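Below, each chain spelled out in residue letters.
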Amino acid sequence: MTQQSTALVLGASRGLGFALTEEWLKRGWRVIATVRTPSRELSDLGGRFLGSLDIETLDIANAESVDALKDRLSGRNLDVLFINAGIARAIESSPGVADERDFLDMMLVNAFAPVRAAELLRSLVPAGGTIAIMTSELGSIQNATGSWQLYSSSKAALNMLMKGYAAQHARDRHTLLLVAPGWVRTDMGGSNALLSIDESIPLVVDMIEANRGKAGLRYVDRFNKTLPW
Ligand SMILES: NC(=O)c1ccc[n+]([C@@H]2O[C@H](COP(=O)([O-])OP(=O)(O)OC[C@H]3O[C@@H](n4cnc5c(N)ncnc54)[C@H](OP(=O)(O)O)[C@@H]3O)[C@@H](O)[C@H]2O)c1
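Not measured: the values here are computed from a predicted model.

Caption draft 1: Main features of the site of the ligand. Residues in close proximity to the ligand total 27 residues, the closest being Ser13, Arg36, Tyr151, Val184 and Thr186. At 3.5 Å from an oxygen atom of the ligand is found a main-chain nitrogen or oxygen belonging to Gly86. At a separation of 2.6 Å, an oxygen atom of the ligand approaches a polar side-chain atom of Tyr151. With the chains in place, 93% of the 890 Å² that the ligand exposes on its own is no longer accessible. Spatially, the ligand is embedded in the largest pocket. For the shell around the ligand, the residue count by class is twelve nonpolar, ten polar and five charged.

Caption draft 2: Structural view of the pairing of strand β4 (residues 80-83). Burial along β4 is two-sided: the face carrying Val80 and Phe82 and the face carrying Leu81 and Ile83 are both buried. Inspection of the sheet shows strand β1 (residues 6-10) paired to β4 by four bridges, in the parallel sense. Residue pairing across strands places Ala7 opposite Val80, the latter belonging to β4. In terms of strand pairing, β4 meets strand β5 (residues 130-134) through four bridges, oriented parallel. The residue bridging Leu81 from the neighbouring strand is Ile131, located in β5. In this fold, the crossover linking β4 to β5 by way of helix α4 (residues 100-121) has right-handed handedness.

Caption draft 3: Expanded view of the sheet that holds strand β6 (residues 175-180). Taken in spatial order, the seven strands line up as β3-β2-β1-β4-β5-β6-β7 in an open sheet, and their pairing is parallel. Both outer strands of the open sheet, β3 (53-57) and β7 (216-221), are each paired with one neighbouring strand and no more. Going from strand to strand, the sheet's axes swing by 15° on average, the running direction of each strand aside. Against the sheet, α4 makes contact with β1, β4 and β5, and its axis sits at roughly 155° relative to β4, the strand it touches most.

Cut-offs and rules
Residues numbered from 1 in each chain as written. Predicted model: local features only at pLDDT ≥ 70, side-chain atom pairs only at ≥ 80, totals over all residues. Heavy atoms only, no water. Near = heavy atom within 4 Å. Polar contact = N/O pair within 3.5 Å; in protein donor to acceptor, adjacent residues only side chain to side chain. Areas by Shrake-Rupley, 256 points an atom, 1.4 Å probe, with all protein chains shown as cover. 1 Å grid on protein atoms, 1.4 Å probe; cavity = no way out; pocket = protein on both sides within 12 Å on 5 of 7 lines; lining within 4 Å. Sits in = over half its atoms within 2 Å of the grid points. Nonpolar A, V, L, I, M, F, W, Y, C, P; charged D, E, K, R; others polar. Buried < 20%, exposed > 50% of the residue type's maximum accessible area, 1.4 Å probe, protein only. Helix = DSSP H or I, 4+ residues; strand = E, 2+ residues; numbered from the N terminus. Pairing = 2+ DSSP bridges. Right-handed = clockwise from strand over helix to strand, strands pointing away. Axes fitted to C-alpha atoms, helices over the stretch in contact; angles between N-to-C directions. Contact = heavy atoms within 4.5 Å.

Rendered as structure tokens:
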């Protein structure tokens, strides 16, 4: 009998993280999904996939919270660690007028904290496993048009930090993916976004599967197309 694959999804209370959790459960995976506060939706999902979903508590902005999760998961082997948590603040703003706290919060939650989580949790992912982090098409400096400029800068910073991570931890032989899911209708993406969650997340999971076992860092969209830094 083949062993059930396991994914850990950080930031799964709603939106894309919830959808990733549901998609892997539908595909027969075991999923460990984290929330900051209890999510009724996620608990109900656990009821639909009895025995396959573990719900854990995590605030990615808090290093002690990540360390505590690592201790609780000691001895588990993750096929995929997917770091999804993110925030968008002051999306129409620019440095001349923005509240600097909004920018600092995004730099912490979107750039620094995901890579710190990868560093703290990487020992749970065996060689050949995957660490994926949700970035954005907006993180591409080459393709930048100036929209959502503070948020985009935090995702560009995330991409840069992952360049450093990939160089530092090349011996891990992990597949490292910076994932751009498209513009999707969620609380963050808003109702004008181009894609439904169903038009994005199954393709994201297919793309992760297609990259399984390919060590090294890629910045990719849901179609497995490499994006320019
Ligand atoms: N939607 C899009 O069009 C789009 C496009 C490109 C990239 N993305 C990226 O995709 C990811 C998910 O976005 P989304 O659209 O699903 O957004 P969302 O609906 O606003 O959901 C954000 C998720 O991140 C969690 N989160 C936020 N801060 C956290 C923290 N400090 N610790 C742990 N979890 C935290 C939230 O948990 P709570 O419920 O506790 O707040 C929630 O589960 C983000 O990284 C986002 O930047 C989204």
